[in-house]
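This is what each chain is made of:
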Amino acid sequence: MTHTDTNTLFGHPRGLVILFLTEMWERFSYYGMRGLLILYLTQHFLFSDERSTVLYGAYTALVYVMTIIGGVLADRYLGSRKAVTFGAILLVLGHLGMAFEGSGSRQIMSFNGAEYQLTLDGRGGDANQIVIALDQPGQPSSRISFNDGGSAMLVAEPAALGLPAAINVSEYTLRTETQSLYLNILYLSLALIITGVGFLKANISTMVGDLYGFGDTRRDSGFTIFYMGINLGSFLASIFCGYLGIVYGWKYGFGLAGIGMLAGLVIFLRYQSWLEGRGEPPDPLKLREKVLGPLTVENLCYLTGLGIIAVSMLLVMNAHLVHQGYVGMLGVIILVVLLGYTFMALHGVERNRMLAALYFILAQIPFWALFEQGGSSLNLFTDRLVDRSLFGFSVPAPVFQSLNAAFIVIFAPLLAWCWVILARRGLNPSTPVKFALGVFMAGLGFLALVGGMKVSGAAGMTAVYFIFLIYWIHTIGELMLSPVGLSAVTKLAPARAVGMTMGAWFLYSGLSNYLAGIIAAGTGADTIGGQLTDTAAAKATYIEVYTNVGYVAMSIALVMLLVSPVIKRLMQDAD
Ligand code: GLN
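Each value, and the rule that gives it
- Residues numbered from 1 in each chain as written.
- Predicted model: local features only at pLDDT ≥ 70, side-chain atom pairs only at ≥ 80, totals over all residues.
- Heavy atoms only, no water.
- Helix = DSSP H or I, 4+ residues; strand = E, 2+ residues; numbered from the N terminus.
- Rg over C-alpha atoms; globule rule 2.2 N^0.38 Å.
- Buried < 20%, exposed > 50% of the residue type's maximum accessible area, 1.4 Å probe, protein only.
- Areas by Shrake-Rupley, 256 points an atom, 1.4 Å probe, with all protein chains shown as cover.
- Salt bridge = Lys/Arg side-chain N within 4 Å of Asp/Glu carboxyl O.
- Pairing = 2+ DSSP bridges.
- Axes fitted to C-alpha atoms, helices over the stretch in contact; angles between N-to-C directions.
- Near = heavy atom within 4 Å.
- Polar contact = N/O pair within 3.5 Å; in protein donor to acceptor, adjacent residues only side chain to side chain.
- Nonpolar A, V, L, I, M, F, W, Y, C, P; charged D, E, K, R; others polar.
- Patch = residues over 30% accessible without salt bridge, like charges linked within 9 Å, V, L, I, M, F, W, Y side chains within 5 Å.
- 1 Å grid on protein atoms, 1.4 Å probe; cavity = no way out; pocket = protein on both sides within 12 Å on 5 of 7 lines; lining within 4 Å.
- Points joined across faces, edges and corners; volume = space filled by probe spheres on them.
- Phe/Tyr/Trp six-rings, centres within 6.5 Å; stacked < 30°, edge-to-face > 60°.

Visitor: I'd like to hear about the overall build of the protein, residue by residue, with values.
Guide: A tally of regular secondary structure across the protein gives 17 helices and 17 strands. A compact globule built from 575 residues should have a C-alpha radius of gyration of about 25 Å, and the protein, at 25 Å, falls within 12% of that. Expressed as lengths along the three principal axes of its C-alpha atoms, the size of the protein is roughly 80 × 60 × 45 Å. Residues classed as buried in the protein amount to 55% of the 575 residues present. Carbon and sulfur atoms make up 65% of the accessible area of the protein, which totals about 23,600 Å².

Next comes the structure, spelled out in structure tokens:
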């Protein structure tokens, strides 16, 4: 295939550089925030584990679900370039908004008619629980811990506080005071991020596709380079935002994420000309049409964005009230619509291929539901129950989020090379077999971690190597499923419905994040001030939930392996 563009860099259209850098910074901000969020909710706002994991699940679900609206608005009216710009502006505001933290929630203990504050002397798993005597000059404090079984609070130096050395849980009451202004800023910021990603994520990927003409053989490697950008951003953010957020203060971690996104926006605006007219509105005149007084179609698109912000904020605020059944129902309704389209509008080869695409869209659910524990329950587990010392240095839990991205950058080329070698011998697994393997890996990763947890006894800290191991196994699974799935969707969906099908891929990826939140809530432990009160009980719960999800995923993978020849036939040589 010959290509006619004059402005290329390393053989690729130079627009790829802009999209690579913009998406790298967007993912930098997203993953920087994602690594800190669950710890921020449990330790700063003092939400229970259940409430935090459900909120986290709903939020990370909405982030992907809203891409379908951003995608449709760009296809019909805005064009990708304007949609990405609008999304990037909302993201800068959202991430910077996260940096307004206030002084956090306070947990007040009443005991024997006096009030004390239970708090942490820092952030992350290395912080100590302390009790502060309120309304006393100089406010003396003492370290506290909980006895095994969590039935009594132990005070290290009780004399200064006038407290006994051990207080039964039944002898005191706790209440939490929250600064509602800062809580609302958090919800608004999350809603801005949901809407920003909704306008940006699918559309920037479409623009990568736009850089290459039909049949251009550079397309696949262009996407591989783009995927590296995603993971480079994620890698750097997990280290820098994770470290700053835990060691210096939440606002510095979130603030850096915001500055990263600002860099992305500036690059995207400054070098738009490199896109050479790609991603422009399909009908610029229509965009300027007046619909309501001075309001144009373009204004209405942005107003829709404001509507999404409002709806997302309400949903995130009330995530713990949203009945799980409604989310499941949404998934079923959309599936019925997609099946209806497939059987009514498509025939023959097109219909069979679309059915295969729908199979892959659904088959990703068990994978992400387990994989996405990474940011929530696994992150909390790493924080609380893993010996995080490496080379004499205690590594903050969110920094371990960088492992996934680092493994992707290292193993993506190796795995690609593996497929080529296997293909030469006619042994390259088909796409449905790779999917089954991906889901199997998600389960296997958890069973490997559980093995490591059991070695260290009932309440012992788990060795950090098992965190490396689970992320490595999960990353190999991700490489068998995520990029393979994106490519399969673009090949299997008819050209006129590829946008919708891609939207559906992300939507179900989002619903899997919600399911992940429910699983994570199942691991929820009893905490005070975000710290465990009963280590052994918490560890037993993690072991039970992780073993169960591990076996369930592996059983699903087995069924997927059995049906894979049928799916391969439905693909009709598109593999
Ligand atoms: N890790 C990829 C990204 O951030 C895929 C995410 C997903 O599909 N859930 O783009």
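After presenting the structure, the write-up continues.
Visitor: Outline the pattern of salt bridges, supporting the account with residue identities and numerical values.
Guide: In total, this model carries 13 salt bridges according to the counting rule given. Here Lys82 ties to Glu298 by a salt bridge, and the two come within 3.1 Å at their closest N and O atoms. Residue Lys82 is found in helix H4 (residues 80-97), and its partner Glu298 is found in helix H9 (residues 297-317); the two are separated by 216 residues along the sequence. Across the pair Arg175 and Glu115 runs a salt bridge, and its minimum N-O distance is 2.7 Å. Of the two residues, Arg175 is situated in strand E9 (residues 173-177) and Glu115 in strand E4 (residues 114-120); the sequence distance between them amounts to 60 residues. Among the ionic contacts, a cluster of salt bridges with common partners joins Glu23, Glu26, Arg27 and Lys201.

Visitor: A description of the sheet that holds strand E5 (residues 129-133) should follow, citing residues and the corresponding values.
Guide: The strand order across the open sheet formed by 7 strands is E8-E7-E6-E5-E4-E3-E9, and the pairing between neighbours is antiparallel. Of all strands in the sheet, those bounded by a partner on one side alone are strand E8 (166-168) and E9. Across this sheet, the average inter-strand angle for adjacent strands is 35°, counted without regard to direction. Looking at chain direction, strand E3 (residues 106-111) and E9 are connected through 5 bridges and run antiparallel. Bridging across to E9, Gln107 finds its partner in Thr176.

Visitor: With reference to specific residues and values, describe the pairing of E3.
Guide: As paired strands, E3 and E4 are joined by 5 bridges and run antiparallel to one another. Within E4, the residue paired with Ile108 across the bridge is Gln117. Count of turn residues in the E3/E4 antiparallel hairpin: 2 residues, of which Asn112 carries a positive phi of about 55°.

Visitor: Could you give me a rundown of the site of the ligand, with the residues and numbers involved?
Guide: Inspection of the region around the ligand gives Arg27, Tyr31, Tyr64, Lys201, Ile230, Trp368, Glu478, Phe506 and Ser509 as its neighbouring residues. Within the contact set of the ligand, an oxygen atom lies 2.6 Å away from a side-chain nitrogen or oxygen of Tyr31. For the ligand, a nitrogen atom lies 2.9 Å from a polar atom in the side chain of Ser509. For the ligand, whose unbound accessible area comes to 300 Å², protein coverage reaches 94%. Elements supplying a minimum of two residues to the shell around the ligand: helix H1 (15-44) and helix H16 (498-522). Counted by class, the shell around the ligand contains 5 nonpolar, 1 polar and 3 charged residues.

Visitor: Describe a nonpolar patch on the surface, and please don't skip the residues or the numbers.
Guide: Nonpolar side chains collect at one region of the surface, where Tyr243, Val247, Tyr248, Tyr252 and Phe393 lie side by side and expose about 500 Å² of accessible area between them. It is helix H6 (residues 219-248) that contributes the most residues to the nonpolar patch, 3 residues altogether. Structurally, Tyr252 is set in helix H7 (residues 250-270). The exposure class assigned to Tyr252 is partly exposed, which follows from its relative accessible area of 43%.

Visitor: For empty space enclosed by the protein, give the residues involved together with the corresponding values.
Guide: What the rule picks out here adds up to 1 cavity of 30 Å³ or more. The calculated volume of the largest cavity comes to roughly 90 Å³. Taken together, Tyr31, Arg34, Ser234, Ser238, Phe371, Gly374, Gln401, Asn404 and Tyr471 make up the full set of residues lining the largest cavity. Taken together, the elements giving at least two residues each to the lining of the largest cavity come down to H1 and H6. A breakdown of the residues in the lining of the largest cavity according to their chemical character gives 3 nonpolar, 5 polar and 1 charged.

Visitor: Go over unusual backbone geometry, please, and point to the residues and values.
Guide: A positive phi angle, close to 55°, is found at Asn112, a residue other than glycine. Looking at the secondary structure, you find Asn112 in the loop between E3 and E4. Despite not being glycine, Glu276 shows a phi value in the positive range, around 50°. By the secondary structure assignment, Glu276 is in the loop between H7 and helix H8 (284-288). When its relative accessible area of 34% is taken as the criterion, Glu276 is described as partly exposed.

Visitor: So, the pairing of strand E7 (residues 152-155): which residues are in play, and what are the values?
Guide: Sheet topology note: the strand E6 (residues 141-146)/E7 ladder contains 3 bridges and is antiparallel. Note that in E7 the partner of Ile144 across the bridge is Val155. Where E6 folds back on E7, the antiparallel hairpin that results is connected by 5 residues, among which Gly149 adopts a positive phi of roughly 100°. Here 3 bridges tie E7 to E8, and the two strands are oriented antiparallel to one another. Along E8, the bridge assignment pairs Met153 with Ile167.

Visitor: Tell me about the packing of aromatic side chains, and please be specific about residues and values.
Guide: If you walk through the whole model with that rule in mind, you get 26 aromatic pairs. Between Tyr40 and Phe254, the ring centres sit 4.8 Å apart and the planes meet at 65°, which makes this aromatic pair edge-to-face. With Tyr40 in helix H1 and Phe254 in helix H7, the pair connects residues that are 214 residues apart, well separated along the chain. Take Tyr40 and Phe254: they sit in the same class, and that class is buried. On the basis of an interplanar angle of 70° and a centroid distance of 6.4 Å, the ring pair of Tyr243 and Tyr248 is categorised as edge-to-face.

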